[in-house]
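Coordinate analysis (summary)
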Amino acid sequence: MKEIRHFINGEYLGSDSGRIFDDIDPASGEVIARVHEGGQAEIDAAARAARDALDGEWGHMPVAQRMELLHKVADGINARFEEFLIAECQDTGKPRSLASHIDIPRGAANFKIFADLVKNVPTETFHMDTPDGAGALNYAVRHPKGVIGVISPWNLPLLLMTWKVGPALACGNTVVVKPSEETPQTTALLGEVMNEAGIPNGVYNVVHGFGPDSAGEFLTRHSQVDALTFTGETRTGTAIMKAAADGIRDVSFELGGKNPAIVFADADMDKAIEGTMRSAFANCGQVCFGTERVYVQRPVFDEFVARLKEGAESLRMGHFEDEGVNFGPLISQEHRDKVLGYYRLAEEEGATVVTGGGVPDMDARFGGGAWIQPTIWTGLDDDARVVREEIFGPCCHIRPFDDEDEVLGLANDTEYGLAASVWTRDLSRANRVARRLEAGLVWVNSWFLRDLRTPFGGSKMSGIGREGGVHGLEFYSELTNVCIKL
Ligand code: NAD
């Protein structure tokens, strides 16, 4: 049985406490690995190693050399692509096609893109007038923020973790990462790549464990951690923000969503169906900017519902290695219980179940897996809990609308503000609607099309701050303004 240890100061170490937990294959329910659970002692050791690395070679390394090492990390992931791919698919159950097109390549790209960006980003300079006529010159100097605590979720484990570690290291910080307890493998494997690439000890540290009263909470409370970047549930964000208040530490949060898709009658229907299929059902609906509310203009409502139903029923469930599989299980039995609770609630709230609504029949090898049917509902009231709360499963509610003002009111009537998509051939309308949507990301005639130089994050309860491109650099560095009197 594989054993997964913490990665601290360049070494794989067990827990002082001897506490171990299981890493479960969500497709079968079988144990894939045994994971060491970190406590205060491991977080202390990791934070100390990260602090020492800042004061040592890494902290004094010329930018060009740092960037070269980050390129080697990306190359190292690509060189071991298949190993990362299998580890990610085992931990999440996601189809190979998804991990090979998105998770692993993006995991590698996150190191290159930020290395290149930091090398090329200018600093601002202002010349000012002074009463004596000589003037003064102001320029801003960028410093690393220090030790960054990174807490990541299970839905896109390598991608979302490196999305934070990439810019943090590019800006010269060091990190202590607490990956999700559900998906420890790729974060652990990255330690080997860091060593192979020549990243100095203590720059990248990983402590495994849970959230409350475990490695996660201890990391958020540690006085040697200068800032916290987190992706996960809004409720967890609230707990982390409280911990960060001690010591006035900065936070960057990418949180939950209840994202709308708006389909106008003039949309290219093939593209709208294909895009909504992906946004509702990809990764078994466990994508932060996945669509759970679909608003379709009345003339094309019936056609849209019928075609999305047909699409959902054609999804092929199975093991990630099986030919043609494009739909995996949910992450765990616990998460399935939560999603099935919403499936039941939808019926209690009066939904029409267009398709799905339960658990599929799977063959014996998947007996203990967290399988669930892709599900579509219509007919719910706008204040139904199923329409208002994030479910994070392969399901959506479709509702008709008549005009632009009405649909904007419906789409924005949520405490979240992460993402939205708009499907129309009328680009003036697309622009008008996109600008009025309360969301950090709006896709027009597409979904999940990401240029890593663009701002990424959510408004309202969906997050704080923006990462991506130069926006991430604002969080991962401190600025000192130098004013020279001439
Ligand atoms: P989660 O909040 O349960 O867990 C995320 C991480 O936080 C895990 O590593 C967990 O161990 C840790 N954690 C939990 N409680 C903690 C605490 N009190 N202190 C410190 N750490 C703690 O989220 P999840 O279930 O792993 O992920 C699903 C959620 O993530 C969904 O709400 C989804 O919308 C959100 N998400 C958002 C984005 C985005 O970019 N906005 C991306 C992916 C996922």
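**Thoughts on the sheet that holds strand S7 (residues 136-144)**
- With antiparallel pairing, three strands are arranged side by side in an open sheet as S6-S7-S23. Among the strands making up the open sheet, the edge pair consists of strand S6 (125-128) and strand S23 (477-485). Taking the axes of each pair of neighbouring strands and ignoring which way they run, one obtains an average angle of 25° across the sheet.
- The pairing of S6 with S7 spans four bridges and is antiparallel. In the sheet register, threonine 125 faces S7, and the bridge partner there is tyrosine 139.
- Most of the contacts of helix H16 (residues 469-476) go to S23, to which it runs at about 85°, and overall it touches S7 and S23.

**Overview of the site of the ligand**
- Around the ligand lies a shell of 31 residues, among which Lys178, Glu181, Thr236, Leu255 and Glu390 are the nearest.
- Serine 152 places a main-chain nitrogen or oxygen 2.8 Å from an oxygen atom of the ligand.
- Within the complex, 92% of the 850 Å² of free accessible area of the ligand lies under protein.
- Residue contributions to the shell around the ligand reach at least three from each of two domains, namely domain 1 (2-255 + 462-485) and domain 2 (259-451).

**Remarks on the side chain of threonine 220**
- Structurally, the position occupied by threonine 220 is in helix H8 (residues 215-221).
- We classify threonine 220 as buried; its relative accessible area is 4%.
- Within the structure, threonine 220 has its side chain in polar contact with the backbone oxygen of glutamate 217 (distance 2.7 Å).
- When near neighbours in sequence (up to four residues on either side) are disregarded, threonine 220 contacts Ile151, Leu228, Ile240, Ala243 and Arg249.

**Focus: helix H1 (residues 40-55)**
- With 16 residues, H1 should reach 22 Å at 1.5 Å per residue; the first-to-last C-alpha distance of 23 Å fits that figure.
- Three or more residues of H1 are buried, namely Glu42, Ile43, Ala46, Ala47, Ala49, Ala50, Ala53 and Leu54. Projected down its long axis, H1 shows its buried positions confined to an angular sector of 160°, all on one face. Of the residues in H1, the exposed ones pointing more than 90 degrees away from the buried face are Arg48 and Asp55.
- Tucked into the core, H1 has its buried residues touching strand S2 (6-8), helix H2 (57-60), strand S8 (147-151), strand S9 (174-178), strand S10 (204-206) and H8.

**Some remarks on the nonpolar core**
- In terms of nonpolar packing, the biggest core is built from 58 residues, with Ile77, Phe111, Val165, Leu190, Tyr204 and Phe289 touching the most fellow members.
- A per-element tally of this core places helix H5 (residues 96-120) first, with eight residues.
- Looking at which domains feed residues into this core, each of domain 1 (2-255 + 462-485) and domain 2 (259-451) supplies at least three.
- When neighbours within four sequence positions are excluded, valine 165 is seen to be in contact with Phe111, Val150, Val175, Val177, Met194 and Tyr204.
- Counting 42 residues, the second-largest nonpolar core is a separate cluster that includes Phe301, Tyr342, Leu345 and Ala370.

**Some details on the domain arrangement of the protein**
- The assigned domain composition of the protein is domain 1 (2-255 + 462-485) and domain 2 (259-451).
- Of note, the centres of domain 1 and domain 2, computed from C-alpha atoms alone, are 31 Å apart.
- Every contact between the two is made by 27 residues of domain 1 and, on the other side, 28 residues of domain 2.
- Of the roughly 2300 Å² buried at the junction of domain 1 and domain 2 (both faces included), carbon and sulfur atoms supply 59%.
- Of all residues in domain 1, Ala27, Trp154 and Ser462 give up the largest surface area on contact with domain 2, accounting jointly for 24% of the area buried on that side.
- Across the pair arginine 96 and glutamate 321 runs a salt bridge whose closest N-O atoms are separated by 3.0 Å.
- For the pair domain 1 and domain 2, the interface holds nine residue pairs in polar contact (both at pLDDT 80 or more).
- Mapped onto the side of domain 1 that touches domain 2, the elements with two or more residues apiece are helix H4 (81-92) and H5.

The rules behind each value
- Residues numbered from 1 in each chain as written.
- Predicted model: local features only at pLDDT ≥ 70, side-chain atom pairs only at ≥ 80, totals over all residues.
- Heavy atoms only, no water.
- Pairing = 2+ DSSP bridges.
- Helix = DSSP H or I, 4+ residues; strand = E, 2+ residues; numbered from the N terminus.
- Axes fitted to C-alpha atoms, helices over the stretch in contact; angles between N-to-C directions.
- Contact = heavy atoms within 4.5 Å.
- Near = heavy atom within 4 Å.
- Polar contact = N/O pair within 3.5 Å; in protein donor to acceptor, adjacent residues only side chain to side chain.
- Areas by Shrake-Rupley, 256 points an atom, 1.4 Å probe, with all protein chains shown as cover.
- Domains from an automatic or database assignment.
- Buried < 20%, exposed > 50% of the residue type's maximum accessible area, 1.4 Å probe, protein only.
- Expected span 1.5 Å × (residues − 1).
- Arc of directions from axis to C-beta.
- Core = buried A, V, L, I, M, F, W, Y, C linked by side-chain atoms within 4.5 Å.
- Buried area = accessible area lost by both parts, 1.4 Å probe.
- Salt bridge = Lys/Arg side-chain N within 4 Å of Asp/Glu carboxyl O.

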